[in-house]
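Examining the three-dimensional arrangement
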Amino acid sequence: MSGALDRTNILEIDGNLASAHAAMLLAEQGANVLRVELPAGCAWRSTPHYHVLNRSKESIALDFGRADNRERLTELVRAADIVITGFGPARLRALALDYDSIRKINPRAIALQLPSLGSRGPEADFDANEDLVAARGGISGSQWARSGNPVPLVFPAASYSAGTMAAIGAVTALISRGEHGAGQLVEASILAGALSLQTGGIMRHDKMTSVYQGASDPLGPIPVYRLFEASDGKYLFAACGNSTFWGKFAIAIERPDLVADPRFEAAPWGVPVEHWQPLKDIIEPIIKTRPRDEWLRILRAADVPNAPVMTRQEFIDYAQVRALGMRQTIDDPAIGPTVQLGLPVFLGDTPGAIRGAAKAPGAIDEGRERWLSGARSRNGAAQNRSSSNAPLAGLVVLDFASYIAGSYGPMILSQLGATVIKIESLEGDSFRHFGFGFMGWNQGKRGLAVDITSAEGREIIHGLAAKADVVVENLRPGRMKRFGYDYESLAAINPRVIYMSVNAFGNRGPEHNQPGFDPLLQARSGVMAAQGGHHAHPVYLTCAICDYGAAMLSAYGCVLALRARERTGRGQFCETSLLQSAMAFQAGEFIFYDGRPDMENGDPERRGRAALARAYRCADGEWLFISIDQPEQWNALRKSFSSVPALSFTEGIAAPAEGKLALELAEVFSKLNRSDALALLKNASVPASRVSHAKELFDDPQVIANELIAAVNHPDWGPVRQTGALIRFESTPVKVDRAAPLLGQHTDEILREFLGYDDAKLTALRSRRVIK
């Protein structure tokens, strides 16, 4: 069976991790990707990431400065459906790879751009690396530490997020283009990728308060949703995410009296802050009475969601990982036999495949000819398809999902123009208790409240399914089948429907039916252990990569299936999981081979990876991040600050994050306000950025210039500012103008519009508590 992107030609100009990740995701769903490396070479060739993110591609080296190579480049652009770059606008113009230049050669080409900080604004041409974007985009500043200081992550989360969003944008643009339409510019910056991992927390309203009121605890957000150390020194995560699991947990630890204790009666999320530590002081000694494996058995028997903290190496050998095909052996020509992650999205009828190991740039003509042999002619004239309609306008999505992993994917589809109907029980989505956070995962949807277990409710769902393009659900395996809403049942009504299933552990394998939450997959996948490092406790990531990652991957799977439907005329079953997203958002870390460097060397109070790639506190209490990797940058820093020691670049670049040089630089910055220090660094062309918190993003000129924040009007709360559309389409622009719905807010209008129900029928259904 062919992939969803079969016969799609992609030209990737070697840029950053995000652009490489996007190209890999597209290649492994059937696209023919040719990677072109520039004369300076790949800046990250020596890293493990190179061997993962460049697999499944052809690769050549090309010097654009030579006239004959410019002709070759023109030929390649003319044959491309998509041209992927990872540079700012000035660099693109210098390479003649800006959209205007591409459009002149090939009007049908889609220019997919992944600049660091967006293509507009005062710092559009600042080629900020992952560390600097994560600092600017709020990820490092939001990671919890007992000190309250910023903690950079030990893996490039923002780049993986941007790459996934870019892949969504690329396929969506192909759908919008059709067979004869013109291409367009599509942008997903790494800064937008950082925001895409935090949509539930990037919210501004006068009455907004945080769910987490206590001190920052790197073991977890609340006393019963956190890491615990067992008697053998090993850690587990217990995820009592609702009152049912809290009750079961209290019984499992033989303290059922805790449920009735007036201090904890609002557990798990409503325990007053002053009672957090007393509850921790009760539970922690109990967990330390038994070894971890015994607690895992006890908690599983009690149906309490839990997971051991594992290493990445342990996780890739985990039986459930193998069952989902997420452990793959690949012989790499440069580093030998490797074990790598598999595909993070499954499409039942048009499955993707890993198409070979990463290749070093080969002979120009050989690689070019192999790639061109899969190209279709691009000589037909392109019609102008500029439109005021968003690219997925007219498509209908039924959203049965909850939590972040289920809800955020349909929200992305709504931002792309689809009509998304959020289907809830009469009691509502349990995540509504997160208040403003709920708005960050359900923006743009219309709300329908219906009793899906009743005969009349089933009639409503089947009627909507007959007109739907996509169905998204994230119930535990088997639940939708019991209701009669599984893929087979709905496909019998509508063979064109695309069905996306999102769950914790997939739909097959020995652990597939276990409950799962983001931190349980954080724990299992090795990221908690990596962030904590070898000599300290594991660390709970406040950036929910497994939840947000699964949601983005579900949106990617949906648009892939929509693209495949254009060719086959049929819908299909698709799936992804928290397990797969945990690996996909650590893609370059999930590779194992002889000589693999240590990528698990974090610390709960990590400030950076080296003295010259680190966060520093300024005189006004604000933080900045510097990232120096070139001799001229080091020399410029020394000239700008006379008290910086006179070390060679080799000595400076090797200095550890907590050594003598770091202490001396900390002293330098402690005497300057952040704005003054950043001005001096910018003047000297030393790469640096502020370390932002979510609240600062609303006033960041770069965020504003790239329209990454939207203003919506909520029916109860009034004007609210939150993340906007994080993928930009030049010719089919998207807009965000609808807040998350109230429970059942649009029930009547949906049933009138889609099923033709009249007032009498709606009144009767309400009286029988079928709808709300």
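Presented here is a report on the structure given in the accompanying data block.

Moving on, we get to the sheet that holds strand S9 (residues 235–239). With antiparallel pairing, three strands are arranged side by side in an open sheet as S8-S9-S10. Edge positions in the sheet fall to strand S8 (225–229) and strand S10 (306–308), since each of these pairs with one other strand and no more. Taking each pair of neighbouring strands and ignoring which way they run, the sheet shows an average axis angle of 20 degrees. Pairing of S9 with S10 involves three bridges; the strand directions are antiparallel. When the bridges of S10 are listed, Phe 237 appears paired with Ala 307. Lying on the sheet, helix H12 (residues 276–287) is in contact with S8 and S9; it crosses S8 at an angle near 45 degrees.

With their axes 11 Å apart at the nearest point, helix H32 (residues 747–755) and helix H33 (residues 759–767) run at an angle of 130 degrees to one another. Considering their axes alone, H32 and H33 lie oblique with respect to each other. Regarding H32 and H33, the two cross each other, and that crossing is right-handed. Residues Asp 748, Leu 751 and Arg 752 of H32 lie in contact with H33, whose contacting residues are Asp 759, Leu 762 and Arg 766. Of the residues belonging to the contact of H32 with H33, the class tally is two nonpolar, no polar and four charged.

It is worth spelling out the packing of aromatic side chains at this point. Using the criterion set out here, one finds 27 aromatic pairs in the structure. With a centroid separation of 6.1 Å and 55 degrees between ring planes, the pair formed by Phe 315 and Phe 590 is classed as tilted. In this pair, Phe 315 sits in helix H14 (residues 312–316) while Phe 590 sits in the loop between helix H25 (578–584) and strand S20 (591–592), placing the two residues 275 residues apart along the sequence. Grouping aromatic residues by their ring pairs yields a cluster made of Trp 144, Tyr 225, Phe 237, Phe 245, Trp 269, Tyr 403, Phe 431, Phe 434, Trp 441, Phe 517 and Tyr 540. Positioned above the aromatic ring of Tyr 616 is the side chain of Arg 614, whose terminal nitrogen or guanidinium carbon lies 4.7 Å from the ring centre. Above the plane of the ring of Tyr 757 lies Lys 761, whose end atom (NZ or CZ) is 4.2 Å from the centre.

So, on to the pattern of salt bridges. Within this structure, the stated rule accounts for 49 salt bridges. One salt bridge in this structure joins Arg 446 and Glu 753, with 2.7 Å as the shortest N-O distance. Pair noted here: Arg 446 is in strand S16 (residues 446–449) and Glu 753 is in helix H32, with a separation of 307 residues, a long-range link. A residue is classified by how much of its surface remains accessible, and Arg 446, at 9% relative accessible area, is buried. Each of Arg 146, Asp 217, Arg 226, Lys 280 and Glu 284 takes part in one network of salt bridges that share partners.

For the rest of this paragraph, the subject is the sheet that holds strand S26 (residues 718–723). Taking strand neighbours across the sheet as the criterion, the three strands line up as S7-S26-S25 in an open arrangement whose pairing is antiparallel. Every interior strand has two partners, whereas the edge strands, strand S7 (203–204) and strand S25 (709–714), have only one. Direction of pairing for S25 relative to S26: antiparallel, over a ladder of six bridges. Bridge pairing in S26 links Asn 713 to Pro 719.

Our focus in this paragraph is the packing of helix H1 (residues 17–27) against helix H8 (residues 157–177). At a minimum axis separation of 7 Å, H1 and H8 run at an interaxial angle of 50 degrees. Compared by their axis directions, H1 and H8 come out oblique. Every pair of crossing elements has a handedness; the one defined by H1 and H8 is right-handed. Touching Leu 17, Ala 18, His 21, Ala 22, Leu 25 and Leu 26 of H1 are Ser 159, Tyr 160, Ala 162, Gly 163, Thr 164, Ala 166, Ala 167, Ala 170 and Val 171, all from H8. Residue composition of the contact of H1 with H8, by class: 11 nonpolar, four polar and no charged.

By the secondary structure assignment, Cys 546 is in helix H24 (residues 545–568). On the basis of relative accessibility, which here comes to 0%, the residue Cys 546 falls in the buried class. C-alpha of Cys 546 to C-alpha of Pro 519: the two residues are 27 residues apart in sequence and 7.8 Å apart in space. Once residues within four sequence positions are removed from consideration, Cys 546 is found in contact with Asp 518, Leu 521, Gln 522, Leu 578, Ser 581 and Ala 582.

Calculation notes
- Residues numbered from 1 in each chain as written.
- Predicted model: local features only at pLDDT ≥ 70, side-chain atom pairs only at ≥ 80, totals over all residues.
- Heavy atoms only, no water.
- Pairing = 2+ DSSP bridges.
- Helix = DSSP H or I, 4+ residues; strand = E, 2+ residues; numbered from the N terminus.
- Axes fitted to C-alpha atoms, helices over the stretch in contact; angles between N-to-C directions.
- Contact = heavy atoms within 4.5 Å.
- Parallel < 35°, antiparallel > 145°, perpendicular 65-115°, else oblique.
- Left-handed = near helix turned anticlockwise from the far one by under 90°.
- Nonpolar A, V, L, I, M, F, W, Y, C, P; charged D, E, K, R; others polar.
- Phe/Tyr/Trp six-rings, centres within 6.5 Å; stacked < 30°, edge-to-face > 60°.
- Lys NZ or Arg CZ within 6 Å of the ring centre and 35° of its normal.
- Salt bridge = Lys/Arg side-chain N within 4 Å of Asp/Glu carboxyl O.
- Buried < 20%, exposed > 50% of the residue type's maximum accessible area, 1.4 Å probe, protein only.

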